[in-house]
Amino acid sequence: MIVSWMTTNQCNLKCVHCYQDAKERQERELSTQEAMKMIDEIAKAGFKIMIFSGGEPLLRPDIFDLVAHAASRGLRPVFGSNGTLITDEVARRLKECGTAAMGISVDSLDPKKHDKFRGLKNAYDLTMAGIEACKRAGLPFQLHTTVVDWNRDEVCAITDFAQRIGAIAHYIFFLIPVGRGVYIQETSLEVLENEALLKEIMLKSAEVDIDVKPTCAPQFTRVAKQLGIDTRFSRGCLAGLTYCVVGSEGIVRPCAYMTEEAGDVRETPFDEIWEKSPVFEKLRTQVYSGACGTCDYRQGCGGCRARAAYYHEGDIMAQDEYCAHGQKLEAAS
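Let me sum up the structure you'll find in this document. (Residues numbered from 1 in each chain as written. Predicted model: local features only at pLDDT ≥ 70, side-chain atom pairs only at ≥ 80, totals over all residues. Heavy atoms only, no water.)

Details of the sheet that holds strand β10 (residues 263–264)
Turning to step 1, where the next piece is worked out: Strands sit in the order β7-β6-β5-β4-β3-β2-β1-β8-β9-β10 across an open sheet of ten strands; the sheet is mixed. Among the strands making up the open sheet, the edge pair consists of β7 (211–215) and β10.
Turning to step 2, where the next piece is worked out: In the sheet, strand β8 (residues 243–246) pairs with strand β9 (residues 251–253) via two bridges, with the strands oriented antiparallel. Across the sheet, residue Val245 finds its bridge partner in β9, namely Arg253. (Pairing = 2+ DSSP bridges. Helix = DSSP H or I, 4+ residues; strand = E, 2+ residues; numbered from the N terminus.)

Below, the structure is given as structure tokens:
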């Protein structure tokens, strides 16, 4: 089971797609002691992996202490970072406090395109320097790429790049229009474009020796089966089933792209929220409506619950509109 904690809303970049609309630190962000208590409750709930995300998690001054605490509780601490703040000293401290892996964002192999998307002129160079620092420290890393129309044809090339530079995985995030992502919704791929790219990604995954996983595109599990490709990822959408997020102010939600609140860790222990929240209980029924409810692949895929809610006025159990198979479109065959 995986929990992602958005440690802070503070960020040194201004990415055009940011689901958190991250910029400045929020006044009510969890304190060190509140965060440590929450980490204890996350371990008690049976979670195994804890993602330290943001904003930019490396901007929290107590981040090394929090990671060490998570590791001491039997959790596997990993990061979602833009990579620009990883110096040799930071990489060494991350390794020493128990960090298992760094997830670092690379959205284009063209520095100018990456920099424009990330909102900082030298973001690409700083990110590459951060990756090299991880390598020198012996700290495993993987690449994260957000798919939009202008980098769609680079995605598989980034997978090859990830393997070439020693990454352990390439995770590919399909844009969901929340936060600042609302303002670039027109750059999202259309349904058939989604389908075509998923096929390319899964074919590429069979060629490389690293993990390749589309995220927020649960149809990849169906595509893999249709192509006869083995993948260790057997479930598409994990929201509320084996995954959830905690915001910087302690609000628990099924995933980073869903607005539905499951509880507040300041008011209710995390383990109780995870066990008893009505939002999670509803998701765990897996009783979907529309095409997702009748689909032969629903047990593995589950449809993207965030997109279902976004395009169906908050109905988290509705069908996922970004599925060619569900809409019986020609490219799904």
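Some thoughts on the nonpolar core
Turning to step 1, where the next piece is worked out: Met50, Leu143 and Phe270 are the most contacted members of the largest nonpolar core, which has 91 residues in total.
Turning to step 2, where the next piece is worked out: Among residues more than four places away in sequence, those in contact with Phe270 are Val3, Glu41, Ile42, Ala45, Phe47, Cys244, Val246, Val252 and Val265. (Core = buried A, V, L, I, M, F, W, Y, C linked by side-chain atoms within 4.5 Å. Buried < 20%, exposed > 50% of the residue type's maximum accessible area, 1.4 Å probe, protein only. Contact = heavy atoms within 4.5 Å.)

With respect to the packing of aromatic side chains
Here a ring pair, both rings aromatic, is described through the centre-centre distance and the interplanar angle of the planes.
Turning to step 1, where the next piece is worked out: In this structure the tally under the stated criterion is nine aromatic pairs.
Turning to step 2, where the next piece is worked out: Seen in terms of ring centroids, Phe117 and Trp150 are 5.3 Å apart; in terms of plane orientation they differ by 75°. Their pairing is edge-to-face. Here Phe117, found in helix α4 (residues 111–118), pairs with Trp150, found in the loop between β5 (141–147) and α6 (155–164); they are 33 residues apart in sequence, far enough to count as distant.
Turning to step 3, where the next piece is worked out: Owing to a relative accessible area of 3%, Phe117 belongs among the buried residues under this scheme.
Turning to step 4, where the next piece is worked out: Centre to centre, the rings of Tyr171 and Phe233 are 6.2 Å apart; their planes meet at 90°, and the pair counts as edge-to-face. Of the two residues, Tyr171 sits in strand β6 (residues 169–174) while Phe233 sits in the loop between α8 (220–227) and β8, which places them 62 residues apart along the sequence. In terms of burial, Tyr171 and Phe233 fall into one category: buried.
Turning to step 5, where the next piece is worked out: Members of the aromatic cluster, each reached through a chain of ring pairs, are Phe47, Phe270, Trp274 and Phe280.
Turning to step 6, where the next piece is worked out: In this structure, Lys213 is placed above the aromatic ring of Tyr171, and the distance from its NZ or CZ to the ring centre is 6.0 Å. (Phe/Tyr/Trp six-rings, centres within 6.5 Å; stacked < 30°, edge-to-face > 60°. Lys NZ or Arg CZ within 6 Å of the ring centre and 35° of its normal.)

So, the pattern of salt bridges
Between side chains of opposite charge, a pair can form as their charged atoms come close.
Turning to step 1, where the next piece is worked out: Throughout the structure, instances matching the rule amount to 16 salt bridges.
Turning to step 2, where the next piece is worked out: Here Arg92 and Glu96 are joined by a salt bridge, their closest N and O atoms 2.8 Å apart. Of the two residues, Arg92 and Glu96 both sit in helix α3 (residues 88–97), four residues apart, roughly one turn of that helix.
Turning to step 3, where the next piece is worked out: Given the relative accessible area of 36%, Arg92 is considered partly exposed.
Turning to step 4, where the next piece is worked out: The salt bridge partner of Arg152 is Asp153, with a shortest N-O separation of 3.3 Å.
Turning to step 5, where the next piece is worked out: A relative accessible area of 14% means that Arg152 is categorised as buried.
Turning to step 6, where the next piece is worked out: Exposure remark for Asp153: the relative accessible area of 69% places this residue in the exposed category.
Turning to step 7, where the next piece is worked out: Salt bridges sharing common partners tie together Glu89, Arg92 and Glu96. (Salt bridge = Lys/Arg side-chain N within 4 Å of Asp/Glu carboxyl O.)

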